[in-house]
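# Coordinate inspection notes
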Amino acid sequence: MIHELARALRERPPTLIVVGASAGAVEALGQLLPALPAGLGVPMLIVVHVPPDRRSALPELFAPSCAVSTLEAEDKTMPDARVYFAPPDYHLLVERDGSLALSVDEPVHHSRPSIDVLFESAAEAVGSGTLGILLSGASHDGAEGLRRIHVAGGHTWVQSPETAQVGVMPRAALALVDHVTLDPRSMGHALAAWRQLHA
Amino acid sequence: MTAPGVADDHVVDLEIELLLEAIWRRYSYDFRHYARASMRRRVLGAMRRLHLARVSLLQDGILRDPALFTQLLTQLSVPVSDFFRDPPYFQALRQQVLPLLATYPSLKVWVAGCSTGEEVYSLAILLEELGLLDRTLIYATDINPEALRTAEAAVYPQARVQGFSRNYQASGGSASLGDYYTAAYDRVVFDRRLRNRVTFSDHSLATDAVFAEVQLVSCRNVLIYFDRQLQERAIELFHDSLVPRGFLGIGSRESLHGYKSAGALELVSRESRIYRRLT
């Protein structure tokens, strides 16, 4: 499975990875992020549903275990091959030139940041060069966005619901499209295997 | 092979570009340098609400129907804010900025992109508590006349004001909130003594010029909606509106780093994103 996915990535190499997670995010990201190779080669943008009125500790939380550096996304900056988290209470979007944009538009699925907002903008801006990853959660956010990435010709991976702390979000996405399903650690290993093929 | 949907996406981009050009030529509202990803979401959202299948149909509609354009304008403008959004910002104004400004015999403050006024009244309360409101004039500007009317009325749903208390306390507020508004049924109206010190007017950061000299500009979560070119214009406008050593406050995730026009502004507090004009 891991090698099949790595070969699929080599055939259509992604230039951007977008990730969405909600309830159970810390566990799922705790498996995905440490499995990433140091030379990930492309930016990874992550939306996690977090309470709006707190400072996000996510970049600091995962920094020690992740070989790729983690930071909070900033408006109008060009991302490089690092891991970026959406700031609490802001939507994160991708512009057509690949730069990051923030907004305080209305919450979507009661969430700001919203996974759909990130995924849909990635589908529009980067299209088939997108790898969308949807992890554990109790929301329906991300299902439509992941479908859009699929329609645009991108790669779409969903955490297998039985490995998720909360399977509602993965199931909502799988109800729309038959995405690739696997556990978060294997996703990281597949990305590592792809980079190996690259090297 | 072109993936399905990609060609469509490019056509939609083109349609949006044409729509913004049409709005500019017909109504003189300039959205052409708004950041495109958010603008696209808003345009597509407006289309869905109006049950239109294509952006070009929206263009056709607004060209001939000013009432439809008014509806669209609200959906394209900067969204509503909260009272005392980002308490650390208001805390920094209270502790670091306003005590310095208190030495001026009279004060002018500009809230740029005030939307429906939440931030205007938050600032007015702050000024009142520091004993400065009576000698302050607040200019509150926006491009959206409907938002300005709402701001001027100072009437808000009770439910929206509830979060206000928590933010207000977190920003260092010590008074009782009942002092600032009157509740009636499910609404609250802010007191006349706050509203009396505010002048609401139509002003566009994209097309209008400096209109006053002020000691403080507060413009938060507006720049994120602009592309870099328009951001440069707005920052220059803020700089030129400020008195020497005047202050500029922006959103907690906005930055002036790397902007040409920001060269004459220094960062006072990174945490609260407050800048100060050098000379």
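Residues numbered from 1 in each chain as written. Chains lettered and ligands numbered in written order. Predicted model: local features only at pLDDT ≥ 70, side-chain atom pairs only at ≥ 80, totals over all residues.

### What about the domain arrangement of chain B?
All names here are of chain B. Domain boundaries in chain B define domain 1 (6–76) and domain 2 (87–277). The distance between the C-alpha centroids of domain 1 and domain 2 comes to 29 Å. Taken together, the contact pairs eight residues of domain 1 with 11 residues of domain 2. Here the side of domain 1 that touches domain 2 is composed, by residue class, of four nonpolar, three polar and one charged. (Domains from an automatic or database assignment. Contact = placed C-beta atoms within 7 Å. Nonpolar A, V, L, I, M, F, W, Y, C, P; charged D, E, K, R; others polar.)

### Quick look at the packing of helix α4 (residues 115–125) of chain A against helix α5 (residues 143–151) of chain A
When two helices pack together, their arrangement is given by the angle between their axes and by how far apart the axes lie. Residue and element names in this part refer to chain A. Between α4 and α5, the shortest axis-to-axis distance is 7 Å and the interhelical angle comes to 10°. The orientation of α4 relative to α5 falls into the category roughly parallel. Of α5, the residues touching α4 (which contributes Ile115, Asp116, Leu118, Phe119, Glu120, Ala122 and Ala123) are Glu144, Gly145, Leu146, Arg148 and Ile149. Of the residues that constitute the contact of α4 with α5, the class distribution is seven nonpolar, one polar and four charged. (Axes fitted to C-alpha atoms, helices over the stretch in contact; angles between N-to-C directions. Helix = DSSP H or I, 4+ residues; strand = E, 2+ residues; numbered from the N terminus. Parallel < 35°, antiparallel > 145°, perpendicular 65-115°, else oblique.)

### Structural notes on the sheet that holds strand β3 (residues 70–72) of chain A
All names here are of chain A. Ordered by their spatial adjacency, seven strands build an open sheet running β3-β4-β2-β1-β7-β8-β9, and the pairing between neighbours is parallel. Single-partner strands in this sheet number two, and they are β3 and β9 (180–182). For this sheet, the mean angle separating the axes of adjacent strands, direction not counted, is 25°. Pairing of strand β7 (residues 130–134) with strand β8 (residues 155–159), which is carried by four bridges, proceeds in the parallel orientation. Its bridge partner lying in β8, Leu131 is registered against His155. (Pairing = 2+ DSSP bridges.)

### Details of the sheet that holds strand β3 (residues 155–157) of chain B
Residue and element names in this part refer to chain B. Across the sheet, three strands lie side by side as β3-β5-β4; this open sheet has antiparallel pairing. Each edge of the sheet is formed by a strand with only one pairing partner; in this case those strands are β3 and β4 (181–184). If you compare each strand with its neighbour and ignore which way they point, the axes differ by 25° on average. Pairing of β3 with strand β5 (residues 187–190), which is carried by three bridges, proceeds in the antiparallel orientation. Within the sheet, the bridge partner assigned to Tyr156 lies in β5 and is Val188.

### Points about unusual backbone geometry
As a rule of thumb, non-glycine residues mostly have phi less than zero, and peptide bonds are mostly trans rather than cis. Here the residue pair Arg112 of chain A and Pro113 of chain A is connected by a cis peptide bond, since its omega of 10° sits within 30 degrees of zero. Its location among the elements puts Pro113 of chain A in the loop between β6 (100–103) and α4. With a phi angle near 75°, Asp89 of chain A is a residue other than glycine that sits in the positive phi range. As for its position among the elements, Asp89 of chain A is in the loop between β4 (83–85) and β5 (91–94). Even without being glycine, Asp86 of chain B reaches a positive phi, approximately 60°. Along the chain, Asp86 of chain B turns up in the loop between α4 (66–76) and α5 (87–101). Taking the C-beta count within 10 Å as the criterion, Asp86 of chain B has 25 such neighbours and is therefore assigned buried. (Buried ≥ 20, exposed ≤ 12 C-beta atoms within 10 Å, placed from the backbone.)

### Focus: the interface of chain A and chain B
Contact residues are listed per partner, giving 24 residues for chain A and 19 residues for chain B. Where the side of chain A that touches chain B is concerned, the elements lending two or more residues are β5, β6 and α4 of chain A. Tallying contributions element by element places α4 of chain A first for the side of chain A that touches chain B, with four residues. Here the residues of the side of chain A that touches chain B are counted per class, giving 11 nonpolar, five polar and eight charged.

### Description of the nonpolar core
Residues Ile46, Leu92, Leu118 and Ala122 of chain A together with Val120 and Ala124 of chain B are the most contacted members of the largest nonpolar core, which totals 146 residues. If you count residues domain by domain, this core takes at least three from each of domain 1 (6–76) and domain 2 (87–277) of chain B. Once you skip the residues sitting within four places of it in the chain, Val120 of chain B turns out to touch Val111, Cys114, Ile138, Ala140, Ala151 and Val198 of chain B. (Core = buried A, V, L, I, M, F, W, Y, C linked by C-beta atoms within 7 Å.)

### Re helix α8 (residues 158–170) of chain B
Residues and elements named next belong to chain B. For α8, the set of buried residues is Val161, Phe164 and Tyr168. On its buried side, α8 packs onto β3 and β5. Two residues or fewer past α8, Gly172 is found with a positive phi of approximately 100°.

### Considerations on helix α10 (residues 228–241) of chain B
Residues and elements named next belong to chain B. Here α10 contains 14 residues, and its C-alpha end-to-end distance of 20 Å stays within 8% of the 20 Å for a straight helix at 1.5 Å per residue. Gln231, Ala234, Ile235, Leu237, Phe238, His239 and Ser241 are the residues of α10 that are buried. Against the buried residues of α10 lie β1 (107–112), β7 (214–219), β8 (242–250), β9 (265–269) and β10 (274–277). (Expected span 1.5 Å × (residues − 1).)

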